[in-house]
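# Observations on the model geometry
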Amino acid sequence: VIEQKNQILKEMITRDPMTSLLNHDNAFRALQDEINRAKRIGYPVSVIMADIDDFKAVNDRFGYQIGDQVIVGVAGIIVGTCRRTDIVCRYGGDEYMLILPDTFMKEAMLLADRIIKRVEGTELINGIRVTLSAGVSEFDGEPPKELIFKADRQLHRAKHSGKNRACFPG
């Protein structure tokens, strides 16, 4: 019984209660672990930062409860599109971070594009449709925060160049 309760408590502090994805703090830990593994084994790691476009308008028009359901729905699409080895996190609000072990930037871009198309093509709660923008980066020896920052910079570039797209450095 104590073992079960400890497992429940562990899940409560590591997972986002709404989406069941890893929460912000544990996203950093997972990324650091993956970077350490990549250095040891010698494989690539990429990161995708993704954000629901114009999400504030969803909350303003339909209310926060529907907005929460949209966040959960998009999380489900992302998880359903990724591999089992990929780590999907709720970075905060309507932003997600995907940690992609053994994945080069080109493959990460293909995944980001596939996720964006699936989100765009899916009718969520009450017929609501949303789009997603994403930024992609590949580990090149930098600390985890810098890797995230590189992907986030590309996310902002995607937002400023029309939304509903993914961008990568270069």
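As a starting point, this report considers the structure included with it. (Residues numbered from 1 in each chain as written. Predicted model: local features only at pLDDT ≥ 70, side-chain atom pairs only at ≥ 80, totals over all residues. Heavy atoms only, no water.)

## Focus on the overall build of the chain
Looking only at helices and strands, the chain has six helices and five strands in total. In sequence order, the secondary structure elements of the chain are arranged as α-α-β-α-α-β-β-α-β-α-β. Its C-alpha atoms give the chain a radius of gyration of 16 Å, within 12% of the compact-globule value 15 Å for 170 residues. In terms of its C-alpha atoms, the chain occupies a principal-axis envelope of roughly 55 × 50 × 25 Å. When contacts within the chain are restricted to residue pairs at least 6 apart in sequence, those whose partners lie at least 24 apart make up 66%. Just so you have it, the chain exposes about 9300 Å², and 53% of that area is on carbon and sulfur atoms. Mean positive and mean negative side-chain charge positions of the chain (24 and 24 charges, respectively) differ by 2 Å. (Helix = DSSP H or I, 4+ residues; strand = E, 2+ residues; numbered from the N terminus. Rg over C-alpha atoms; globule rule 2.2 N^0.38 Å. Contact = heavy atoms within 4.5 Å. Areas by Shrake-Rupley, 256 points an atom, 1.4 Å probe, with all protein chains shown as cover. Lys, Arg positive; Asp, Glu negative; His and termini not counted. Charge placed at Lys NZ, Arg CZ, Asp CG, Glu CD.)

## As for unusual backbone geometry
With a phi angle near 50°, Asp54 is a residue other than glycine that sits in the positive phi range. For Asp54, the location among the structural elements is in the loop between strand E1 (45-52) and helix H3 (55-62). In this structure Asp54 comes out as partly exposed when scored by relative accessible area, which is 46%. Unusually for a residue other than glycine, Asp102 sits at a positive phi of about 55°. Topologically, Asp102 is positioned in the loop between strand E3 (95-101) and helix H5 (105-120). A relative accessible area of 46% means that Asp102 is categorised as partly exposed. (Buried < 20%, exposed > 50% of the residue type's maximum accessible area, 1.4 Å probe, protein only.)

## Concerning the environment of Ile125
Along the chain, the position of Ile125 falls in the loop between H5 and strand E4 (132-138). For Ile125 and Gly42, which are 83 residues apart along the polypeptide, the C-alpha to C-alpha distance reads 43 Å. Not counting the four nearest positions on each side in its chain, Ile125 is found in contact with Ile66, Gln69 and Val70.

## Remarks on the pairing of E1
In terms of burial, E1 is a largely internal element, eight of the eight residues being buried. Because side chains alternate across E1, one face comprises the buried residues Val45, Val47, Met49 and Asp51, and the other comprises Ser46, Ile48, Ala50 and Ile52, equally buried. Where E1 and E3 come together, seven bridges link them in antiparallel fashion. Following the sheet pairing, Val47 is matched in E3 by Ile99. (Pairing = 2+ DSSP bridges.)

## A few points about the packing of helix H4 (residues 64-81) against H5
Axis separation between H4 and H5 bottoms out at 10 Å; the angle between their running directions is 140°. The angle between H4 and H5 places the two elements in the oblique class. Read as a crossing pair, H4 and H5 show a hand that is right-handed. On the side of H4, the interface is formed by Val74, Ile77, Ile78, Gly80 and Thr81, while H5 contributes Leu111, Arg114, Ile115, Arg118 and Val119. A breakdown of the residues in the contact of H4 with H5 according to their chemical character gives six nonpolar, two polar and two charged. (Axes fitted to C-alpha atoms, helices over the stretch in contact; angles between N-to-C directions. Parallel < 35°, antiparallel > 145°, perpendicular 65-115°, else oblique. Left-handed = near helix turned anticlockwise from the far one by under 90°. Nonpolar A, V, L, I, M, F, W, Y, C, P; charged D, E, K, R; others polar.)

## Describing the environment of Lys56
Within the fold, Lys56 resides in helix H3. Spatially, the C-alpha atom of Lys56 lies 8.6 Å from that of Gly67, the residues being 11 residues apart in sequence.

## Side note on helix H2 (residues 24-41)
Since there are 3.6 residues in each turn of an α-helix, residues three or four apart along the chain are aligned in direction. With 18 residues, H2 extends 26 Å from end C-alpha to end C-alpha; this agrees with the ideal 26 Å at 1.5 Å per step. Residues of H2 that are buried: Asn26, Ala27, Ala30, Leu31, Glu34, Ile35 and Ala38. Just downstream of H2, Gly42 is the residue with a positive phi angle, here 90°. (Expected span 1.5 Å × (residues − 1).)

These values are about where atoms sit, not about what they do.
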